[in-house]
Amino acid sequence: MTTPDRKRVQLPDISPRAYEHPADRSALVAMRSLSGFDSVLKRMSGLFSERRLRLMFLASAVRCTDTQFRALHDIGRDCAYVLDLPKVPEIYVQQDPVARAQAIGFDEPFIVVSTGMLDLMDQEELRFVVGHETSHILSGHAVYGTMLALLTRMAARVAWIPLGYIGLRAIVAALEEWQRKAEMSADRGGLLAGQDPDAALRALMKIAGGSRLHEMNIEAFLDQAREYDTAGDVRDGLLKVLNLLGTTHPFAVTRVAELDRWRRSGQYAAILSGDYPRRRDDGHVSITEEIKAAAESYRRAWTESQDPFVGLLRDVAEGAVHAGERIFNRFARRSG
């Protein structure tokens, strides 16, 4: 594999735990510890056959190579190099005016980028987008995204059974919350792959506001994020929660603010300096410690939030977290 087009820090053997949001990481560590879980899920996902989807894109999209969309092909190669993936994922370009990108598959994952995304992003912004999808692959998010898709379809089929539907919707809502955190994880991974913070923030802002970059300002956009967090009363806080129902991606201002906060926390610089967990140690990670880290992350978010509705629910949420910790600790003791 050749080196990237400019000097970027390669991150040998980097574990996805280095960039995963604590709430995402705790779920992934728990699932990775369940021997055979991914194999079972792969068998369950017959309707989402990786081979069928790859053939579909092979027939209807353009595969990036040295002779087709070479610049994008090189970006994919570079992202895999920086994040030390054992194999470079294939990239397909699909005709679609909507700016979108996705990572698909378990055994031979690949990336699909729309022409709308290519038209929207400059070279370094596109590197963040491809790095984001490469990070999804490194984390294995496709396995759990498939679970969400399966359960969502199942919930629709049993909607006529009140109790069954309510139970499944609760699980789906929890998985949607996990997937929103997984997107934040992949944003961090995309920043690590591209190593251009300004380009990463610009890319997220352009997803919200389109291509007229000269009409936008990242500091003003961050002010929007602060206003979104602080403005309004308890009613507005409740509406924010309701607006998230059924969504799998955080809102754009939230993603920009979270990525900027993570970069400024010092974790980004520490990883680039070589201070990060290695994949060879993933099998020795404590599930209990990761659950505690996730709970602490939520506590910190609740404490820092100026949202009145969050303040109203803080005590209730704290009690739920303590109860969850007791359950997971009991599970961990039995598993040990």
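All figures in this text were calculated on a predicted structure; none of them were measured in a lab.

*Asks:* How would you sum up empty space enclosed by the protein? Please name residues and give values.
*Replies:* One simple way to see leftover space: roll a probe sized like a water molecule over the atoms. Under the definition given, this model contains three cavities of 30 Å³ or more. One number sums up the size of the largest cavity: a volume of about 40 Å³. Taken together, His-21, Met-184, Asp-187, Arg-188, Arg-255, Glu-258 and Leu-259 form the lining of the largest cavity. Those elements that place two or more of their residues in the lining of the largest cavity are helix H8 (162–194) and helix H12 (252–264). Classifying every residue of the lining of the largest cavity gives two nonpolar, one polar and four charged.

*Asks:* Describe helix H6 (residues 123–139), and please don't skip the residues or the numbers.
*Replies:* For H6, built from 17 residues, the straight-helix expectation of 24 Å at 1.5 Å per residue is met to within 8% by its first-to-last C-alpha distance of 24 Å. Most of H6 sits out of view: 16 of its 17 residues are buried. You can read the cap of H6 off the contacts: a side-chain oxygen lies 3.1 Å from the backbone nitrogen of Glu-124, and it is on Asp-122. After H6 finishes, the residue Gly-140 shows a positive phi value of roughly 75 degrees.

*Asks:* So what's going on with the nonpolar core? Residues and values would help.
*Replies:* Grouped together as the largest cluster of nonpolar side chains are 46 residues, with contacts concentrated most on Leu-11, Ile-14, Leu-72, Leu-192, Leu-259 and Ile-271. Not counting chain neighbours up to four residues away, the residues in contact with Leu-11 comprise Val-82, Leu-83, Asp-84, Leu-192, Ile-271, Leu-272 and Tyr-276. Ranked by size, the runner-up nonpolar core spans seven residues in total, among them Leu-53, Phe-57, Ala-61 and Phe-110.

*Asks:* Tell me what's going on with the sheet that holds strand E2 (residues 90–94), and back it up with residues and numbers.
*Replies:* The strand order across the open sheet formed by four strands is E1-E2-E4-E3, and the pairing between neighbours is mixed. This sheet does not close on itself; its edge strands, each paired only once, are strand E1 (62–63) and strand E3 (101–104). The pairing of E1 with E2 spans two bridges and is classified as antiparallel. Within E2, the position partnered with Arg-63 by the bridge is Tyr-92.

*Asks:* Account for a nonpolar patch on the surface, naming residues and giving values.
*Replies:* There is a patch of nonpolar side chains on the surface, built from Leu-238, Leu-239, Val-241, Leu-242 and Leu-245 and spanning about 440 Å² of accessible area. Along the chain, the position of Leu-242 falls in helix H11 (residues 234–244).

*Asks:* An account of the packing of aromatic side chains is requested, with residue identities and associated values reported.
*Replies:* All chains considered together, the criterion is met by five aromatic pairs. Centre to centre, the rings of Tyr-92 and Phe-110 are 5.6 Å apart; their planes meet at 75 degrees, and the pair counts as edge-to-face. Of the two residues, Tyr-92 is situated in strand E2 and Phe-110 in strand E4 (residues 110–114); the sequence distance between them amounts to 18 residues. Given the relative accessible area of 0%, Tyr-92 is considered buried.

*Asks:* Go over the pairing of E3, please, and point to the residues and values.
*Replies:* Here four bridges tie E3 to E4, and the two strands are oriented antiparallel to one another. Residue pairing for E4: Gln-102 is matched across the bridge by Val-112. The antiparallel pairing of E3 with E4 creates a hairpin that spans five residues between the two strands, and Gly-105 there sits at a positive phi of about 110 degrees.

*Asks:* Can you tell me about the side chain of Arg-255, naming the residues and giving the values?
*Replies:* With respect to the element layout, Arg-255 can be found in helix H12. For Arg-255, a relative accessible area of 10% corresponds to the buried category. If near-sequence neighbours (up to four positions away) are discounted, Arg-255 is found in contact with His-132, Glu-183, Asp-187, Leu-204, His-249 and Pro-250.

*Asks:* With reference to specific residues and values, describe unusual backbone geometry.
*Replies:* Of note in this structure, Asp-13 is not a glycine but carries a positive phi near 60 degrees. Summarising the element assignment, Asp-13 is placed in the segment before helix H1 (22–32). Of the residues examined, Asp-13 reaches a relative accessible area of 19% and is grouped as buried.

*Asks:* Explain the environment of Met-121 to me, using residue names and the numbers behind them.
*Replies:* Residue position: Met-121 is located in the loop between helix H5 (115–120) and H6. In this structure Met-121 comes out as buried when scored by relative accessible area, which is 7%. C-alpha of Met-121 to C-alpha of Ile-207: the two residues are 86 residues apart in sequence and 9.1 Å apart in space. With residues up to four places along the chain from it excluded, the contact list for Met-121 reads Leu-126, Val-129, Ala-203, Lys-206 and Ile-207.

Each value, and the rule that gives it
Residues numbered from 1 in each chain as written. Predicted model: local features only at pLDDT ≥ 70, side-chain atom pairs only at ≥ 80, totals over all residues. Heavy atoms only, no water. 1 Å grid on protein atoms, 1.4 Å probe; cavity = no way out; pocket = protein on both sides within 12 Å on 5 of 7 lines; lining within 4 Å. Points joined across faces, edges and corners; volume = space filled by probe spheres on them. Helix = DSSP H or I, 4+ residues; strand = E, 2+ residues; numbered from the N terminus. Nonpolar A, V, L, I, M, F, W, Y, C, P; charged D, E, K, R; others polar. Expected span 1.5 Å × (residues − 1). Buried < 20%, exposed > 50% of the residue type's maximum accessible area, 1.4 Å probe, protein only. Polar contact = N/O pair within 3.5 Å; in protein donor to acceptor, adjacent residues only side chain to side chain. Core = buried A, V, L, I, M, F, W, Y, C linked by side-chain atoms within 4.5 Å. Contact = heavy atoms within 4.5 Å. Pairing = 2+ DSSP bridges. Patch = residues over 30% accessible without salt bridge, like charges linked within 9 Å, V, L, I, M, F, W, Y side chains within 5 Å. Areas by Shrake-Rupley, 256 points an atom, 1.4 Å probe, with all protein chains shown as cover. Salt bridge = Lys/Arg side-chain N within 4 Å of Asp/Glu carboxyl O. Phe/Tyr/Trp six-rings, centres within 6.5 Å; stacked < 30°, edge-to-face > 60°.

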